[in-house]
Protein chains: 2
Amino acid sequence: MEKLQHVAPGDIETRSMEIIQSELGPTEYGALELPVVKRCIHTSADFDYGKNLAFTPEAVRTGVEAIKAGCTIVTDTQMAFSGVNKRVLEKFGGRAVCFMSDPEVAAEAKERGITRAAVSMERAAKLPGRVILAIGNAPTALIRACEMVEAGEFAPELIIGAPVGFVNVVESKNILEKTPGEHIVARGRKGGSNIAAAICNAMLYMASDNRRE
Amino acid sequence: MEKLQHVAPGDIETRSMEIIQSELGPTEYGALELPVVKRCIHTSADFDYGKNLAFTPEAVRTGVEAIKAGCTIVTDTQMAFSGVNKRVLEKFGGRAVCFMSDPEVAAEAKERGITRAAVSMERAAKLPGRVILAIGNAPTALIRACEMVEAGEFAPELIIGAPVGFVNVVESKNILEKTPGEHIVARGRKGGSNIAAAICNAMLYMASDNRRE
């Protein structure tokens, strides 16, 4: 018989975060970055996120302020969209959107021979108000977003660059790190929709002083 | 300027799988298990999935047959639900469901002092037809499912046990490995909604001979 820890449903996350903090030990991350780092480890049980996350100095503060101001979070997958805590986001008047399943986006991508993810970013650039990009899958989305920022066609508050994989993923993150503006990047090959959503959620919980409801 | 690989959108996954195969090298996984292993690495860039996945001998074959017979895939998170390729699943007459956002499930969980995930599994046990459980988050879901199997109250075709985290996660997977029936388990702390969905998708693509549409 397995011995289970008796932890009330509402306390599981608190206990998990204590374990993560204890095993992570001291890091060079600041007080604003650490909750983001810990939430990425919480969603993956992968302590590589204790060293591969890089932040511009104002990234988290800017992200939290954008959330408080009711920004739109644009994801590049339905999975990341599902993972973002929309209840907290909507409390601030914000919303999450994902253009990937839009048939018009698919049609335009096919016609132009580019990815749906890249077309999605062009849609994001046309949104009114403050935008956070949360990219957890497609390097082509990240690269297109960076091109538009460089060209002065898009000014998101924050770009979360966490594509995962093996083809142009590391390269897309290197491009992001050279692009002006605030960003949070999962360096290397790792990342994913779960990581992009976890980074958003860490900032959402900071914006609401860690109250979930 | 970053040097990008010129790979057509439709060829990115093929190229990624070649890289994964090459870096993974020889493994002890069989021809049915390897596509599952590779898809988990594809979704996470984490080669730990090249060794932490365990399969009962008939797990993948049973899962693929269930998919071909139009089974219901029950997930324990909306994220895993989003990640499952429902277009392919529906081609076989199957469907994916997730009970986690059902207000009645939340109310019952609160009243009984258990998790929504555990109540969700009780709902799953009442579904007609063949069921695959894809658990990528909650150890309480996995433990409740195993209890019902042991009690003869639930007979899913396959249980995918990939909860992630630090509290009772490893223990829940140990329970699954001692429970009768077919399972695929991500041993240790790692797993997640992305991993649960990736395991489903690997079997979905096998069922459709790797044709996505």
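Before going into details, it helps to say that this report is about the structure given with it.

What counts, and where the lines are drawn
Residues numbered from 1 in each chain as written. Chains lettered and ligands numbered in written order. Predicted model: local features only at pLDDT ≥ 70, side-chain atom pairs only at ≥ 80, totals over all residues. Heavy atoms only, no water. Helix = DSSP H or I, 4+ residues; strand = E, 2+ residues; numbered from the N terminus. Rg over C-alpha atoms; globule rule 2.2 N^0.38 Å. Buried < 20%, exposed > 50% of the residue type's maximum accessible area, 1.4 Å probe, protein only. Contact = heavy atoms within 4.5 Å. Areas by Shrake-Rupley, 256 points an atom, 1.4 Å probe, with all protein chains shown as cover. Lys, Arg positive; Asp, Glu negative; His and termini not counted. Charge placed at Lys NZ, Arg CZ, Asp CG, Glu CD. Axes fitted to C-alpha atoms, helices over the stretch in contact; angles between N-to-C directions. Parallel < 35°, antiparallel > 145°, perpendicular 65-115°, else oblique. Left-handed = near helix turned anticlockwise from the far one by under 90°.

## Some points on the overall build of chain A
And then number 1: If you tally the helices and strands in chain A, you get 10 helices and 6 strands.
And then number 2: Since a compact globule built from 213 residues should have a radius of gyration of about 17 Å, the 17 Å found for chain A is in line with a globular shape.
And then number 3: Along the first, second and third principal axes, the C-alpha set of chain A runs to 60 × 40 × 35 Å.
And then number 4: For chain A, the proportion of its 213 residues judged to be buried stands at 59%.
And then number 5: In chain A, 63% of the contacts between residues at least 6 apart in sequence involve partners at least 24 apart.
And then number 6: Approximately 9,000 Å² of chain A is accessible, and the part contributed by carbon and sulfur atoms is 50%.
And then number 7: Separation of charge centres in chain A, based on 25 positive and 27 negative side chains, amounts to 2 Å.

## Considering the packing of helix α6 (residues 103-112) of chain B against helix α7 (residues 116-125) of chain B
Residue and element names in this part refer to chain B.
And then number 1: Interaxial distance between α6 and α7 falls to 8 Å at its minimum, and their mutual angle equals 120 degrees. In terms of orientation, α6 lies oblique with respect to α7. The two elements α6 and α7 cross, and the hand of that crossing is right-handed. For the pair α6 and α7, the contacting residues are E104, V105, A106, E108, A109 and R112 in the first and R116, V119, S120, E122 and R123 in the second.

## Quick look at the environment of A197 of chain A
Residues and elements named next belong to chain A.
And then number 1: By the secondary structure assignment, A197 is in helix α10 (residues 193-207).
And then number 2: Overall, A197 belongs to the buried group, its relative accessible area being 2%.
And then number 3: Along the sequence, A197 and A66 sit 131 residues apart, while their C-alpha atoms lie 16 Å from each other.
And then number 4: In this structure, A197 is in contact with A80, G83 and V84, ignoring residues within four places of it in sequence.

## So, unusual backbone geometry
And then number 1: Of note, N168 of chain A is a non-glycine position whose phi angle comes to about 65 degrees, a positive value.
And then number 2: Relative to the assigned elements, N168 of chain A resides in the loop between β5 (158-161) and α9 (169-178).

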